[in-house]
Amino acid sequence: MKVLASAPTKVTLFGEHAVVYGFPALVMAIQKRVEVTASKTSDGVVRIELPELSSIGLKLEIRNGEVEIKKVQNALKHASYVVETIKELQKRANQSCGAKIMVKSKLPAGVGLGTSAAVIEAVGLAYSTLLGITMDKKEIAQLAKHVETLVQGKSSGMDASIISQGGIGLFRLENETPVLQRLEAKEIPIVIAYIKKVIPTGEAVARVKAIFEKHKDITKTIFEAICAITEKATRKILENDLNSLGELMNLNHGLLCSLGVSNLRLEQLIHLARDAGALGSKITGAGFGGSIVCLLKNEESAKNVCQVLKPFCDGVFLAKRDNIGAQVQIIGS
Ligand code: MEV
């Protein structure tokens, strides 16, 4: 049996970091999909290749629960997301099967665009199908949140939810349970630019937590202001009021800066984008490197901002909304 599974990545438009503390975040799936092809093999060994997720390429084998790294100088965390996904499914199914798995990604790992959750969901859907298990969107999102927590520590489960469902939605943790309310909103012109990140999400969340613990009263007020921005942005996106949305992005960015998650290169991108005509721009994701998101008034203006940002970042693109979410299909016997 041969299967093809894929999952979109995502951009957080409003509310990152605050979301970890139970406040809402506005998040959108984007059409930069992670693709996984997997075929069953008869020798019981799971062979995994991640040619694009590591700068030098990575090959892993899992034999009787033991991981063998075949080619690696600078092992990326993404290998762990794949390995933990396979091991978790083998444990849950109480069975195993040999497989050849190829993971391809349109985006690099660790830039705050949800590549980790997309890898887990695409690999999870592919390998579970080989095992004869059907997983619905809720189950695959739960698996992704679980594996993210295993590999990186605390995760809100936001990436896992939007990536499984696709579209755009308001996410929040209700009594630690992820809840995603999908929205019927028009597509908005968005540009994303990234710089390769040095600090993992878990570490970024821990740094904000340290500020929160030290200055609880002030940080709580900042999270409440982010919450008010996110709720207003949700109304404005439904009204397609781009000017207000841009202003709200700038306000959200200022509050993210106050939490200490920006840096010189991100600020440079943020201000270059605004000077080139963006209606608003902010950090997206955990910060300390990674990505920024800009709102434009139309596609022409978006293309212009892409040109301006290109020399100052590692990648920039016009982001299109994905409305499909994670999916799998059998492509051969
Ligand atoms: C995720 O892209 C960004 C954070 O909000 C962490 C999370 O939601 O798990 C910082």
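Structure: see above.
**Student:** How should I be thinking about the site of the ligand in this particular structure?
**Tutor:** Every residue near the ligand is listed here: Lys10, Glu16, His17, Val19, Val20, Ser155, Ser156, Met158, Asp159, Val205, Gly285 and Ala286. Interatomic distance of 2.9 Å between a side-chain N/O atom of lysine 10 and an oxygen atom of the ligand. Here the ligand loses 95% of its free accessible area of 300 Å² to cover by the protein chains. Counted by class, the shell around the ligand contains five nonpolar, four polar and three charged residues.

**Student:** I'm lost on unusual backbone geometry in this one. Help?
**Tutor:** Excluding glycine, a negative phi dihedral is what most residues carry, and trans is how most peptide bonds are arranged. The phi dihedral of histidine 17 falls on the positive side, at around 70 degrees, and the residue is not glycine. Position of histidine 17 among the secondary structure elements: in the loop between strand S1 (2–14) and strand S2 (25–41). In this structure, glutamate 176 takes a positive phi of about 70 degrees despite not being glycine. By secondary structure assignment, the location of glutamate 176 is in the loop between strand S7 (168–174) and strand S8 (177–182). Look at glutamate 176 and you get exposed, because its relative accessible area is 54%.

**Student:** How should the packing of helix H7 (residues 242–258) against helix H8 (residues 264–275) be read in this particular structure?
**Tutor:** Helix packing geometry: the angle between the two helix axes and the distance between the axes. At their nearest, the axes of H7 and H8 sit 13 Å apart, and the two run at 165 degrees to each other. Taken together, H7 and H8 sit at an angle that is classed as roughly antiparallel. For H7 against H8, the interelement crossing comes out left-handed. Where H7 approaches H8, its residues Asn250, His253 and Cys257 are matched on the opposing element by Glu267, Ile270 and Arg274. A per-class count over the contact of H7 with H8 returns two nonpolar, two polar and two charged.

**Student:** Could you clarify how one ought to interpret the pattern of salt bridges in this entry?
**Tutor:** Any two side chains of opposite charge can pair if their charged atoms end up close together. One pass over the structure, following the stated rule, counts 13 salt bridges. Measuring nitrogen to oxygen at the nearest pair gives 3.8 Å for the salt bridge that ties lysine 236 to aspartate 241. The residue glutamate 299 makes a salt bridge to lysine 320 at a minimum N-O spacing of 2.5 Å. Of this pair, glutamate 299 sits in helix H9 (residues 299–309) while lysine 320 sits in the loop between strand S12 (315–319) and strand S13 (327–332), placing them 21 residues apart in sequence. The class of glutamate 299 is partly exposed, set by a relative accessible area of 36%. Among the charged side chains, a salt-bridge network with shared partners connects Glu88, Lys91 and Arg92.

**Student:** Looking at this structure, how should I read the nonpolar core?
**Tutor:** One recurring pattern in soluble globular proteins is that nonpolar side chains are buried together. Leu13, Phe14, Leu26, Ile190, Ile192, Ile237 and Cys294 are the most contacted members of the largest nonpolar core, which has 63 residues in total. The element contributing the most residues to this core is helix H6 (residues 216–238), with seven residues. When residues no more than four places from it in sequence are discounted, the contact partners of isoleucine 190 are Leu13, Met28, Met249, Val293, Cys294, Leu295, Phe317, Leu318 and Ala319. If you look at the next biggest cluster of nonpolar residues, it comprises 50 residues, including Val34, Tyr81, Val82 and Ile101.

**Student:** Just to check I follow, could you spell out the environment of proline 24 for this structure?
**Tutor:** With respect to the helices and strands, the residue proline 24 is situated in the loop between S1 and S2. On the basis of relative accessibility, which here comes to 1%, the residue proline 24 falls in the buried class. Spatially, the C-alpha atom of proline 24 lies 5.5 Å from that of phenylalanine 171, the residues being 147 residues apart in sequence. The contacts of proline 24, once residues within four sequence positions are left out, are Gly15, Leu170, Phe171, Arg172, Cys227, Thr230 and Glu231.

**Student:** For this particular structure, what's the right way to read helix H5 (residues 201–214)?
**Tutor:** Residues spaced three or four apart along an α-helix point in a common direction, a consequence of the helix completing one turn every 3.6 residues. For H5, built from 14 residues, the straight-helix expectation of 20 Å at 1.5 Å per residue is met to within 8% by its first-to-last C-alpha distance of 20 Å. Every buried residue of H5 is accounted for by Ala204, Val205, Val208 and Phe212. Taken down its axis, H5 places every buried residue within 95 degrees of arc, on the same side. In this structure, the buried residues of H5 make contact with H6.

**Student:** Sorry if this is basic, but what is going on with the environment of glycine 22 here?
**Tutor:** Inspection of the secondary structure puts glycine 22 in the loop between S1 and S2. Taking the C-alpha atoms as reference points, glycine 22 and phenylalanine 223, 201 residues apart in sequence, are found 9.6 Å from one another. Dropping the residues within four chain positions of it, glycine 22 is found in contact with Arg172 and Leu173.

**Student:** Just checking my understanding: could you explain the sheet that holds strand S10 (residues 280–284) for this structure?
**Tutor:** Pairing between sheet strands relies on hydrogen bonds along the backbone, with the strands arranged either parallel or antiparallel. Judged by pairing direction, the sheet is antiparallel, and its four strands sit side by side in the order S10-S11-S9-S12 without closing on themselves. Every interior strand has two partners, whereas the edge strands, S10 and S12, have only one. Taken pair by pair, the neighbouring strands of this sheet meet at an average axis angle of 20 degrees, ignoring direction. Judged from the six bridges that link them, strand S9 (residues 190–195) and strand S11 (residues 290–295) form a sheet pairing that is antiparallel. When the sheet's bridge partners are listed, isoleucine 195 is paired in S11 with glycine 290. Lying on the sheet, H7 is in contact with S9, S10 and S11; it crosses S10 at an angle near 40 degrees. Sheet strands touched by H9: S9, S11 and S12. Its angle to S12, the strand with the most contacts, is close to 175 degrees.

Definitions and limits used
Residues numbered from 1 in each chain as written. Predicted model: local features only at pLDDT ≥ 70, side-chain atom pairs only at ≥ 80, totals over all residues. Heavy atoms only, no water. Near = heavy atom within 4 Å. Polar contact = N/O pair within 3.5 Å; in protein donor to acceptor, adjacent residues only side chain to side chain. Areas by Shrake-Rupley, 256 points an atom, 1.4 Å probe, with all protein chains shown as cover. Nonpolar A, V, L, I, M, F, W, Y, C, P; charged D, E, K, R; others polar. Helix = DSSP H or I, 4+ residues; strand = E, 2+ residues; numbered from the N terminus. Buried < 20%, exposed > 50% of the residue type's maximum accessible area, 1.4 Å probe, protein only. Axes fitted to C-alpha atoms, helices over the stretch in contact; angles between N-to-C directions. Parallel < 35°, antiparallel > 145°, perpendicular 65-115°, else oblique. Left-handed = near helix turned anticlockwise from the far one by under 90°. Contact = heavy atoms within 4.5 Å. Salt bridge = Lys/Arg side-chain N within 4 Å of Asp/Glu carboxyl O. Core = buried A, V, L, I, M, F, W, Y, C linked by side-chain atoms within 4.5 Å. Expected span 1.5 Å × (residues − 1). Arc of directions from axis to C-beta. Pairing = 2+ DSSP bridges.

The quantities given are spatial measurements derived from coordinates; they are silent on function.
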